[in-house]
Amino acid sequence: QVAMWLCCKLPTPLPSAVPVRKRERARVTDGSVAPAMNPFAADGFMTKFGELIPGVNDGIQALHKRAGNEEAYQRARKNNPVGADGALTRLGEHIPGVNNIVQELHKNAGKQEQLQRARKADPIGAEGGITKVGEHIPGVNNVIQELHKNAGKGQAAARARLVDPLGCDGYVTTAAEYTLGVNKLVQVLHAKANKGEHVQRARERNPVGANGWITQVGERIPVLNDGIRALHRNAGQFEAAERAEGRTLQALFSKDGAVTKLAELIPGTNLLAAAMHELHGNHEEADRAIDLLRNWHHFGHPNGALAKLAELLPGVDIVAFALHLNAGHYPHALRAITKTERVIVDGSVTLVLCLRSLQVLELKELVIVNLSYHPKAFSLGSSLVDLAMNFLDMDKNGHQRRRMNRRRKDLALPTHEDSGMKREAKEKLVKSINDCVAGQIDKQIDNVKDHIAKAVKDANERLQQKRALHWSFARGLPEKLPDPDETFVRSVQDALERMTFRHEKLDFFPDKLMPRILPDDALSRKVSKYAGRTSLTCLAGCALLVPSLKALTVGCAAGVVSAGAYAWHEAAGFVVARLNRQNSEATEATVAPTEATASSASSSSSSSGPVASAPAGLVAELQLSDLPTLELGLCEYVLKCAALSSGGSMLAGRLPYLSSTCRRWVEGWIVDGESSPLPLAISVPLPAQCIPIGVEHGEPAIYLEVPAYTLGLLLHCRPSSSGSCVLERMRVVITDEQLGRLAECVRVQVQTWDLRKLDPRLSGFTQPIHLNFGLGMQWEYGSETARVELSDLSLSLHLPR
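Residues numbered from 1 in each chain as written. Predicted model: local features only at pLDDT ≥ 70, side-chain atom pairs only at ≥ 80, totals over all residues. Heavy atoms only, no water.

Novice: Break down the overall build of the chain for me, citing the residues and quoting the values.
Specialist: Helix and strand counts for the chain stand at 36 helices and eleven strands. Scored against the burial criterion, the 801 residues of the chain give a buried share of 36%. Partitioning the contacts of the chain with sequence separation of at least 6, the portion at a separation of at least 24 is 60%. Of the accessible surface of the chain, which amounts to about 47000 Å², a share of 61% is contributed by carbon and sulfur atoms. (Helix = DSSP H or I, 4+ residues; strand = E, 2+ residues; numbered from the N terminus. Buried < 20%, exposed > 50% of the residue type's maximum accessible area, 1.4 Å probe, protein only. Contact = heavy atoms within 4.5 Å. Areas by Shrake-Rupley, 256 points an atom, 1.4 Å probe, with all protein chains shown as cover.)

Novice: Quick one: what's the story with a nonpolar patch on the surface, residue by residue and with numbers?
Specialist: On the surface, Val82, Leu88, Leu91, Ile95 and Val98 cluster together to form a nonpolar patch covering roughly 400 Å² of accessible area. Inspection of the secondary structure assignment puts Ile95 in the loop between helix H6 (87-92) and helix H7 (98-108). (Patch = residues over 30% accessible without salt bridge, like charges linked within 9 Å, V, L, I, M, F, W, Y side chains within 5 Å. Salt bridge = Lys/Arg side-chain N within 4 Å of Asp/Glu carboxyl O.)

Novice: Mind laying out the state of the cysteines, listing which residues take part and the relevant values?
Specialist: Applying the stated criterion to the full structure yields zero disulfides. Lacking any disulfide linkage, Cys690 is separated from the closest cysteine sulfur, that of Cys745, by 9.9 Å. (Disulfide = S-S within 2.5 Å.)

Novice: Now, about the sheet that holds strand S2 (residues 361-374): what can you tell me, with residues and values included?
Specialist: Across the sheet, four strands lie side by side as S2-S1-S11-S10; this open sheet has antiparallel pairing. Taken across any chain shown, the strands that pair with only one partner, and hence form the sheet edges, are S2 and strand S10 (771-779). Looking at each pair of strands side by side, their axes are set apart by 15° on average, direction ignored. As defined by bridge partners, strand S1 (residues 342-355) adjoins S2 across eleven bridges and the pair is classed as antiparallel. By the bridge assignment for S2, Val352 is matched with Glu365. (Pairing = 2+ DSSP bridges. Axes fitted to C-alpha atoms, helices over the stretch in contact; angles between N-to-C directions.)

Novice: So what's going on with the nonpolar core? Residues and values would help.
Specialist: Counting 73 residues, the largest nonpolar core has Leu334, Leu366, Leu380, Phe501 and Phe765 as its most contacted members. It is helix H26 (residues 380-393) that contributes the most residues to this core, six residues altogether. Discounting residues that sit within four places of it in the chain, Leu380 has contacts with Leu334, Ile337, Thr338, Val343, Tyr373 and Pro375. (Core = buried A, V, L, I, M, F, W, Y, C linked by side-chain atoms within 4.5 Å.)

Novice: Summarise the packing of helix H23 (residues 305-312) against helix H24 (residues 316-326); cite the residues concerned and give the values.
Specialist: Between H23 and H24, the shortest axis-to-axis distance is 6 Å and the interhelical angle comes to 135°. With respect to H24, the axis of H23 lies oblique. On H24, the residues that touch Ala307, Ala310 and Glu311 of H23 are Val316, Asp317, Ala320 and His324. For the contact of H23 with H24, the per-class residue count stands at four nonpolar, one polar and two charged. (Parallel < 35°, antiparallel > 145°, perpendicular 65-115°, else oblique. Nonpolar A, V, L, I, M, F, W, Y, C, P; charged D, E, K, R; others polar.)

Novice: Talk me through the pattern of salt bridges; I want residue IDs and the actual numbers.
Specialist: One pass over the structure, following the stated rule, counts 26 salt bridges. One salt bridge connects Glu311 with Arg335, and the closest N-O pair in it is separated by 2.9 Å. Residue Glu311 is located in helix H23, and its partner Arg335 is located in helix H25 (residues 330-338); the two are separated by 24 residues in the primary sequence. Its salt-bridge partner being Lys431, residue Asp435 comes within 3.0 Å of it at the nearest N-O pair. Of this pair, Asp435 and Lys431 both sit in helix H27 (residues 423-446), four residues apart, which is roughly one turn of that helix. Residue class for Asp435 comes out buried when judged on its relative accessible area of 8%. A residue is classified by how much of its surface remains accessible, and Lys431, at 52% relative accessible area, is exposed. Three or more residues joined by partner-sharing salt bridges are found here, namely Glu127, Lys132, Glu135 and Arg159.

Novice: Describe the side chain of Asn141, naming the residues involved and giving the relevant values.
Specialist: Topologically, Asn141 is positioned in helix H10 (residues 140-150). Asn141 gets classed as buried once you look at its relative accessible area, which sits at 0%. Among the polar contacts listed, one links the side chain of Asn141 to the backbone oxygen of Ala160, at a separation of 3.0 Å. (Polar contact = N/O pair within 3.5 Å; in protein donor to acceptor, adjacent residues only side chain to side chain.)

Novice: Which residues make up the side chain of Asn57, and what values go with them?
Specialist: Mapping Asn57 onto the fold places it in helix H4 (residues 56-67). For Asn57, the side chain forms a polar contact with the main-chain oxygen of Glu51, separated by 2.6 Å.

Novice: Tell me about the environment of Tyr178, and please be specific about residues and values.
Specialist: Relative to the assigned elements, Tyr178 resides in the loop between helix H12 (171-177) and helix H13 (182-192). Its relative accessible area of 40% is what places Tyr178 among the partly exposed residues. Put simply, Tyr178 and Ala202 are 24 residues apart on the chain and 8.1 Å apart in space, counted from C-alpha to C-alpha. Once residues lying within four places of it in the same chain are set aside, the contact partners of Tyr178 are Arg205, Pro207 and Trp213. A polar contact of 3.2 Å, which involves the side chain of Tyr178, links it to the side chain of Arg205.

Novice: Account for unusual backbone geometry, with residues named and values stated.
Specialist: The phi dihedral of Asn370 falls on the positive side, at around 55°, and the residue is not glycine. Mapped onto the secondary structure, Asn370 falls in strand S2. Despite not being glycine, Asp792 shows a phi value in the positive range, around 50°. Along the chain, Asp792 falls in strand S11 (residues 785-798).

Novice: Tell me about H26, and name the residues and values.
Specialist: Taking 1.5 Å of rise per residue, the 14 residues of H26 would be expected to cover 20 Å, and the 20 Å separating its terminal C-alpha atoms lies within 8% of that figure. By the criterion of burial, H26 is predominantly enclosed, with ten of the 14 residues buried. Of the positions making up H26, those classed as buried are Leu380, Gly381, Ser383, Leu384, Val385, Leu387, Met389, Asn390, Leu392 and Asp393. (Expected span 1.5 Å × (residues − 1).)

Novice: So what about the environment of Ile228? Which residues, and what values?
Specialist: With respect to the secondary-structure elements, Ile228 resides in helix H16 (residues 224-234). Along the sequence, Ile228 and Gln216 sit twelve residues apart, while their C-alpha atoms lie 9.2 Å from each other. If near-sequence neighbours (up to four positions away) are discounted, Ile228 is found in contact with Thr215, Gly218 and Glu219.

Novice: Quick rundown of the confidence of the model for the chain? Include the residues and the values.
Specialist: Averaged over all residues, the pLDDT of the chain is 76; the fraction at 70 or higher stands at 75%. Scored below 50 in pLDDT, residues 1-33 shows 19 contacts in the model against residues more than four places distant or in partner chains. Segment residues 404-420 is flagged for pLDDT under 50; beyond a separation of four residues in sequence, or across chains, it makes 41 contacts in the model. (pLDDT = per-residue confidence, 0-100.)

Novice: Could you give an account of the packing of H13 against helix H14 (residues 196-204), with specific residues and numbers?
Specialist: At a minimum axis separation of 8 Å, H13 and H14 run at an interaxial angle of 170°. In terms of orientation, H13 lies roughly antiparallel with respect to H14. Along the contact surface, H13 presents Asn183, Gln187, His190 and Ala191, while H14 presents His198, Val199, Arg201, Ala202 and Arg203. Taken together, the residues of the contact of H13 with H14 sort by class into three nonpolar, four polar and two charged.

Below, the structure written as structure tokens:
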């Protein structure tokens, strides 16, 4: 009240600089404050603040109702904190006990929507937070299950059974399976419940079983290791016996054992070690033991004494693994973890690739199913992931691989929740794969300049052969093709990088063209009509001779025009027929079915036109913004080459005129450049070739044999009357059938390769590395997403001792 009195009695003059509209809004004529600026008015900020206070809201509602302000009254009711939708009411719905009172109030007030909301938010209801927490407490879960069952909540009861901590998959049961003594009891309970899968899981987790954690700890203790190895052999657990063999006394004192390596470093004991080697017929090892300086020189070698001792000590073997891994000694890194002679990895992998463009080529999803590795050893799974990431991040020379180009976008890559690998490890692996692929793509795009230079060099060699055939070739062809400009090469690289990919049905090949002229019969009638008139004119000129010389001249000119029109029509028909035949042959060569598919089809398909049912395939398309630059650069290069030949300056000067004339003729007689472009299909058969992969001693280590296949090139040109020609669209297509044939050919060859030849970091494995897998590829129709499935994948890695 004091504030309102001061506002009304002590007005402050407004500055003259304030606009008249603002002064009228802030003050009325008698000097009092306008109602819109009054904090205690119906829309004042003090009034709105009071509407949020319990108790005060009721008084404000009464004032609004007394003043007849219906809008403010409804607002106050809506803002009532203890109303049906008030903040305090909603808070009370989440408090045990209070929720029941709120439900009764909603029910008495007839608020069905608010009543359902309160029931859903009940903390001790079927979906309440306290109920869900209680479902994870042993003993309490059983009571909650009964309550759900009595209330008819079948879905909530099933949820409670699923998260039962004492259930087959509960956390208490899982922890008990790793506990000594309790594991046997859990196995019995699983067997009584007819849970065969859970019984097998409990046996594998038995702490004193073949792969138990107590057993593996005991295998790290010398002497005790020998007894555990004997138990493994008696139980038929040969894989576990092989794992334990690395720390037995026999292995420690073998010719390459840790104790033997240590003895070869100490003066005096090295002679004893040499004698033992000689006694067992190991002459090379005996010579090695005598050379004390050489032994100390190889002290830090992957097979040296330091590495052997580090791999024996628990905890230190992890350090040895990291050192071997960073040094690129992958076989020794795995040996430090497993202590076995080999590691076998089995499983199935699904890769979901996004081929939107080369600039945004990414692995969107990595699904690993039924991943298993043998032998069962501590940290072997995470060690294999670390090894794969190191292989992807580092090149064969130990340098960091080229990272993703700055022009590429860093996209968030979702991963699928499946068994076999933790989410964090999978995300890191996916990121490493994407970085490696992006770096390789950038490298190949940068090599486009070298590929163009090689193509020009090969063209020059063929050019010399052509020039030597005939004098006309020597005069008409240039002596040497020039190298393209840097600007043109860069435009090609940019266009390839932005080229988009899409999988769709190949039903967009060009149809038959029709020349923009009258039909043959109409044209023949007109030509006959003109010829008749010309004949009459010529006869009249011959009869009158000199007086009709002008008529004779006109008649001869009309005859020439008629003959020229007919020849022009014939030329257009020939060009149209040639284009139709070219498009038809290219379509047939690109999308025609194979012999097996064609034999199963009806024998009536003997026409040479396009196939009736177009197959699906992969379509690569250049961006529209890149086509003008490529067209201009290619035209300039052709003119540059033409100018280098004998008489090339005259030919280069005539080429623009001839090109403009041909374009006008095509636009006028072949297609309507303003309504539809000129389609042109070209089949590009690529011969079989051998691609060298990997280098060994300066020579290619492996050759990849690629069979012959055919690509389809589709161009859409729009000639105009001004003489210019615009390339509107350019696409390259390949059918799914050819893609599958190429993929199968690659798969068969990869399975025969020894992967050790591809990278020197794999040369330390003692036996050839063969990767066996099944390959399947599925496309999402009409999109750029491909699903590549590597089924029944198996890999065997033989480690050094």
